Amino acid sequence: MSTNNNLVSLSRFKNICFIGLNKVEFHPEGGDPMFAENWLDITDEQSRRNMMLGFFSPRDLHGEPMDPASTIIGDDLDDITTQQMLQEMKSISMFDFCRSGRSAPNTMYAIIVADVIFHWDSQDNYIQPTSPETWPQDLELILKTYPRTTKKNIYTNWDTSPAKDIQDIELHPLLSMPINTNMWINRPTLQEKYGDYMLLAGVLAAALAYTVSEYQQQQIIKSSYAIKKLSTQTNQNPDFRTIVNHIQTIESYSKYQSLFSLIFKDISLALADTNFVVTSYILENPNPKTPPDAFITKIKSSTKHYATYEEQEPIAKKFLSSSLTINKIRKPPITGNPTDFMIEGLIPLEKVAKSYLDFLSIQGATKQPATSKGSSK
């Protein structure tokens, strides 16, 4: 339906309501469509709990979507009442069709609901007033603006028999239309949708961080023991330079161990902040045979969630800006599953260590109690 592969099926909603220019069309679960002048008159609190509210919000002079409140609620209410109503409507899924993505080339789509024909193509989207009596003629006028080779998809639940003579169109039931997630202006975030699961994941991550920290502490103790043991051998072993080299190697491997837990938490928080849909991620020394001067984190997702460059680039940049330890990111060549979407982040350990020490020094300075000087006579 559009170049964006993130589509939503109308079948996921029990009740569906469209707000036209001066009329609304409501499709209740298991009932016949209803028409009215105001959507609040034909819906109740029960029907709004799992309802999609589709509307066509005008755009400003710069082509940006305007506040949909005037379209949904109207202009005759004060700001406080409007905000209260919007707060109460959080359970309603709101779709602004004027935010639809562009279609594929040589393809157009149109929906006929309430009192409008809304259509969009590879250039823009448009709205045309209509009525149940005049819509075939109005549709024909719109179709004449497109070449005959254009694929024309029309979605409506109105009686289509008057349109049987219109050539080169494909008629579909309105509720079979998949819609773009760009239209969903109050789409729940991962935290809102999977809050309990993310809380559990956070607890598990904290437990893992604690386990890693304990493991690092044990490794530091072992390293310290090894250093002491080698030190005692200096009086017995004439090859002092070899022993010193061993000690320096052990110290080099242990130098940044204390940062592992900090970096792990930073990456986890950055993934959560950006709502990055992740399959798995790892944090590793890119060259285990030498002491690390940098870590590499490998984030794996799927093209199911990020199919194109236009979707992958923004989430990667957002993830980079959310992390305090990652310096650079790149997209490596895919060598395994072709549906994998992967990015790698570079973490320079010396820079992270310096930033962390600077932070600790600032924190220590702010916690120093203020001293007062007494006056001397």
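Report follows, based on the coordinates. (Residues numbered from 1 in each chain as written. Predicted model: local features only at pLDDT ≥ 70, side-chain atom pairs only at ≥ 80, totals over all residues. Heavy atoms only, no water.)

1. Here we look at helix 4 (residues 135–143)
Heads up, the rule is: Each residue is placed in one exposure class: buried if its accessible area under a 1.4 Å probe, protein chains only, is under 20% of its type's maximum, exposed if it is over 50%, and partly exposed if it falls in between. Runs of E in the DSSP output that reach at least two residues are strands. Runs of H or I that reach at least four are helices, and both are numbered from the N terminus. By construction, the arc corresponds to the directions joining the helix axis to the C-beta atoms. We call two residues in contact whenever any of their non-hydrogen atoms come within 4.5 Å of each other.
Listed as buried for helix 4 are Trp 135, Pro 136, Asp 138, Leu 139, Ile 142 and Leu 143. Buried positions in helix 4, seen along its axis, are confined to an arc of 160° and lie on one side of it. Along its buried surface, helix 4 packs onto strand 7 (107–113), strand 8 (116–120), strand 9 (125–129) and strand 10 (151–156).

2. Observations concerning the side chain of Glu 311
Selection rule: Whenever a nitrogen or oxygen atom comes within 3.5 Å of another N or O atom, the pair is scored as a polar contact, on the condition that within protein one atom can donate a hydrogen and the other can accept it, and that pairs from neighbouring residues in sequence are kept only if both atoms are in side chains.
Of note, Glu 311 is situated in helix 9 (residues 309–322). Among the residues examined, Glu 311 registers a relative accessible area of 14% and is labelled buried. Of the polar contacts made by the side chain of Glu 311, one reaches the backbone nitrogen of Ala 307; its length is 2.8 Å.

3. Remarks on the pattern of salt bridges
In a structure, side chains of opposite charge can pair up when their charged atoms sit close to one another. To keep things clear, this is the line we draw: Throughout this description, the term salt bridge denotes a Lys or Arg side-chain nitrogen within 4 Å of a carboxyl oxygen of Asp or Glu.
With the rule as written, the count across this model stands at six salt bridges. With a closest N to O distance of 3.9 Å, Glu 45 and Arg 49 form a salt bridge. Just as Glu 45 is exposed, Arg 49 falls in that class too. A salt bridge links Glu 313 to Lys 317; the nearest nitrogen and oxygen atoms lie 3.6 Å apart. Within this pair, Glu 313 and its partner Lys 317 are both found in helix 9, separated by four residues, close to a single helical turn. Given a relative accessible area of 27%, Glu 313 falls into the partly exposed group.

4. Comments concerning a nonpolar patch on the surface
Note the following rule: Residues enter patches when they are more than 30% accessible in relative terms and free of salt bridges; like-charged ones are connected within 9 Å and nonpolar ones (Val, Leu, Ile, Met, Phe, Trp, Tyr) within 5 Å. Methods summary: accessible areas were calculated by the Shrake-Rupley approach with a probe of 1.4 Å, and residue burial reflects only the protein chains presented.
The grouping of Leu 262, Tyr 356, Leu 357, Phe 359 and Leu 360 at the surface amounts to a nonpolar patch, some 450 Å² of accessible area in total. Of all the elements, helix 10 (residues 349–366) adds the most residues to the nonpolar patch, at four residues. Mapped onto the secondary structure, Leu 262 falls in helix 8 (residues 259–273). For Leu 262, a relative accessible area of 31% translates into the label partly exposed.

5. Describing the pairing of strand 8
Convention followed: Being paired, for any two strands, means DSSP has found at least two bridges between them.
A large share of strand 8 lies buried, amounting to five of its five residues. Of the two faces of strand 8, the one holding Val 116, Phe 118 and Trp 120 and the one holding Ile 117 and His 119 are both buried throughout. Looking at chain direction, strand 7 and strand 8 are connected through five bridges and run antiparallel. Within strand 8, the position partnered with Ile 112 by the bridge is Ile 117. In this structure, strand 8 lies alongside strand 9, joined through five bridges in antiparallel fashion. Looking at the pairing, Ile 117 lines up with Gln 128 of strand 9. Where strand 8 hands over to strand 9, the hairpin turn is made up of four residues, counted between the paired strands.

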